[in-house]
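# Architecture at a glance
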Amino acid sequence: MNYQSTRNHMHTATASEAILKGIAPDGGLYMLPDPGALSFPMDRLENMTSLDISMEALSLLLPDFSASEIRAIVEDSYRGKFETGDLTPLVKVGDRFILELFRGPTSAFKDVALSVLPRLIAAAQKKNGVKEDILILAATSGDTGKAALAGFCDVPGTRIVVFYPYGGVSAIQQAQMVTQPGGNVSVCAIRGNFDDAQSGVKAIFTSPHAAKALAGKAVLSSANSINIGRLAPQVMYYFKAYGDLLRKNEIGPGEAVDFVVPTGNFGNILAGYLAKRMGLPAGRFLCASNANNVLTDFLLTGVYDRNRPFHQTVSPSMDILVSSNLERLVYLAAGCDGKAVAAYMQSLAQTGRYALEGQAKAAVQADFEAGFADDGQTKKAIRRVYEDHGYLMDTHTAVAWDVADRFPLQNKTVVLSTASPYKFCAAVLSALGEEAGEDEFAQMERLNRITGVPVPGNLAVIRSLPTLHRDVIDRAEMEGYVLAKAGGFQ
Ligand SMILES: *Cc1c(COP(=O)(O)O)cnc(C)c1O
């Protein structure tokens, strides 16, 4: 099965081509028209390790990579790189389960995918006989940036440029990025929010001027979840959580499990939906948003409307009004009708709004529920869970927890935890009723002293690292910035 552009089924690509391109030439996203045709071997799940599950899921989703290629990529990506051998531990908290996705090299759930993506890209480059270097562009709401920088740092034949919203990420997230060493990395702040950074990056992908300037020198690709090579590795942990529940006798074979997902760009939760289509007995997916609740409204009413104030919240990695991956869900819900999707996206670009109706709306609502938590509710949830269960959550996880508290879910429930609390010390301290103070490293120490939860080594070390990146530009300057950086290839 080949990938197709969500906006035109004539634009097809093999999995490796889709990974190299990142985005289709018409601005659509590459997607499989029928993920339900893929069948994960559920009968073997209980006996599979996290690495086994990852290999199985990637082999199904990326069929033009051989089993031995996938094996080498997965082992190289994960072995010894995460805090725990099972990559994503499942922890019981009260009567729910928290799936800790943040035990990777940069303490973000994005590590699960961005540990793999550079190796997928390198293999795809070889497979497709691409001689040019690969120039990776990434817009980040805080966590993709560092995880991508860590993944691509000094990978031969690649260069990476990361854009983040100036003042729109946490102090620790910014410190993680601006201290990133490596001969092939650039980090630049944008005067604007994440949506500006993301739309700026997407515009470069489809810019004829950029294409001409880069011809013969570099091929652009994306480290954002618009790249299917980012999405495919995330499918693993949904199966992994289910396998853990089976092994712990918390559920019986085939029993439905609900997943609560703190959501921004809709990549994480879409990976869960793919897992369901591939055979995972998932019940409902509860899409949890912060005050930027455009997805809550969409899933409840079918109307996507980004014409609303943008809020800076204590969960900055979810401060997003245009959720890219939703396009893939809409494509499946609309029966893979590229023309319809193209019309929705055109309407979104021109009016900031589109509306699903009839079957498409019903198809979306069949699997997804939605709710949101504002900053006050988020902080209260952090305190409540810490006091009741001794478990310390980050702000994004707390959004999901709080939404789950207010939602009647019938099945065993897994809440996905997407970041370490130490990335958002000021908000977490304040949630616990403590004064935060100015210095983010003093905050880290303080949070550690109060809770006894260990500080991840990768975050503790930042304090001693020099700042290497200081660029701040306007959105309109992004293309020029990228082309100047690509000059390094000549
Ligand atoms: C990126 C991110 C999210 C949102 O994930 P999406 O795949 O964009 O929906 C949630 N929490 C944290 C901490 C993140 O970094």
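Look above for the structure.
This text gives an overview of the structure that appears in the document. (Residues numbered from 1 in each chain as written. Predicted model: local features only at pLDDT ≥ 70, side-chain atom pairs only at ≥ 80, totals over all residues. Heavy atoms only, no water.)

### Observations regarding the overall build of the chain
How we decide: Under the scheme used here, helices are H or I runs from DSSP no shorter than 4 residues and strands are E runs no shorter than 2 residues, and both carry numbers assigned from the N terminus. Think of it in three bands: residues with accessible area under 20% of the maximum for their type are buried, residues over 50% are exposed, and the middle band is partly exposed, with areas taken using a 1.4 Å probe on protein chains only. Two residues qualify as a contact provided that any one of their heavy atoms is within 4.5 Å of a heavy atom in the partner residue. Computed by Shrake-Rupley with a 1.4 Å probe, the accessible areas treat only the displayed protein chains as cover when residues are assessed. The sign given to each residue is positive for Lys and Arg and negative for Asp and Glu; His and the chain ends receive no count. For charged residues, the charge sits on one atom: NZ in Lys, CZ in Arg, CG in Asp, CD in Glu.
Helix and strand counts for the chain stand at 22 helices and 16 strands. Along the first, second and third principal axes, the C-alpha set of the chain runs to 60 × 50 × 45 Å. Counting the 490 residues in the chain, one finds 59% classified as buried. Pairs at least 24 residues apart make up 75% of the contacts formed inside the chain by residues separated by at least 6 positions. Summed over its atoms, the accessible surface of the chain is roughly 17,400 Å², and 49% of this surface lies on carbon and sulfur atoms. Computing the positive centroid from 46 side-chain charges and the negative centroid from 51, the chain places the two 3 Å apart.

### Focus: empty space enclosed by the protein
Note the cut-off: Buriedness for pockets is judged along seven lines, at least five of which must meet protein on both sides within 12 Å for an open set on the 1 Å grid over protein atoms alone, while cavities are sets there where a 1.4 Å probe fits but cannot get out, and lining residues have an atom within 4 Å of a point. Grid points are joined across faces, edges and corners, and a volume is the space filled by probe spheres set on the points. All residues other than Ala, Val, Leu, Ile, Met, Phe, Trp, Tyr, Cys, Pro, Asp, Glu, Lys and Arg, Gly among them, are scored as polar; the first ten of these are nonpolar and the last four charged.
Summed over the entire model, instances satisfying the criterion amount to three cavities of 30 Å³ or more. The space that makes up the largest cavity amounts to roughly 240 Å³. Along the walls of the largest cavity sit 24 residues, with Phe109, Lys110, Gly264, Asn265 and Ser317 positioned nearest its centre. Breaking the lining of the largest cavity down by element, the ones donating at least two residues are α6 (143–152) and α12 (267–277). For the lining of the largest cavity, a count of residues per class yields seven nonpolar, 14 polar and three charged.

### As for the pairing of strand β11 (residues 282–289)
To be explicit about the condition: Two strands are counted as paired when DSSP detects at least two bridges linking them. When the strands point away from the viewer and the connection leading from the first strand across the helix to the second strand turns clockwise, the crossover is called right-handed.
Burial analysis of β11 places seven of its eight residues in the buried class, which makes it a mostly covered element. Where strand β10 (residues 257–262) and β11 come together, five bridges link them in parallel fashion. Within β11, the position partnered with valine 260 by the bridge is leucine 286. Between β10 and its parallel partner β11, the chain crosses via α12, and the hand of that crossover is right-handed. Bridge count for β11 against strand β14 (residues 368–372) is five bridges, and the pairing is parallel. Bridged to leucine 286 within β14 is glutamate 369.

### Here's the deal with the site of the ligand
Note the following rule: Any residue with a heavy atom positioned within 4 Å of a molecule or strand is treated as near that molecule or strand. Any N or O atom pair separated by 3.5 Å or less is treated as a polar contact, with the protein-specific requirement of one donor-capable and one acceptor-capable atom, and with residues adjacent in sequence counted only for side-chain atom pairs. To decide whether a molecule occupies a pocket or cavity, check its atoms: if more than half lie within 2 Å of the grid points, it is inside.
Surveying the vicinity of the ligand reveals 15 residues, the closest of which are Lys110, Asp143, Gly264, Asn265 and Thr418. One nitrogen or oxygen atom from the main chain of asparagine 265 is found 2.8 Å from an oxygen atom belonging to the ligand. Between the ligand and glycine 267 there is a distance of 3.2 Å, counted from an oxygen atom to a backbone nitrogen or oxygen. In isolation the ligand exposes 380 Å². Once the protein is present, 98% of that is buried. The cavity where the ligand resides is the largest cavity. Taken together, the residues of the shell around the ligand break down into five nonpolar, eight polar and two charged.

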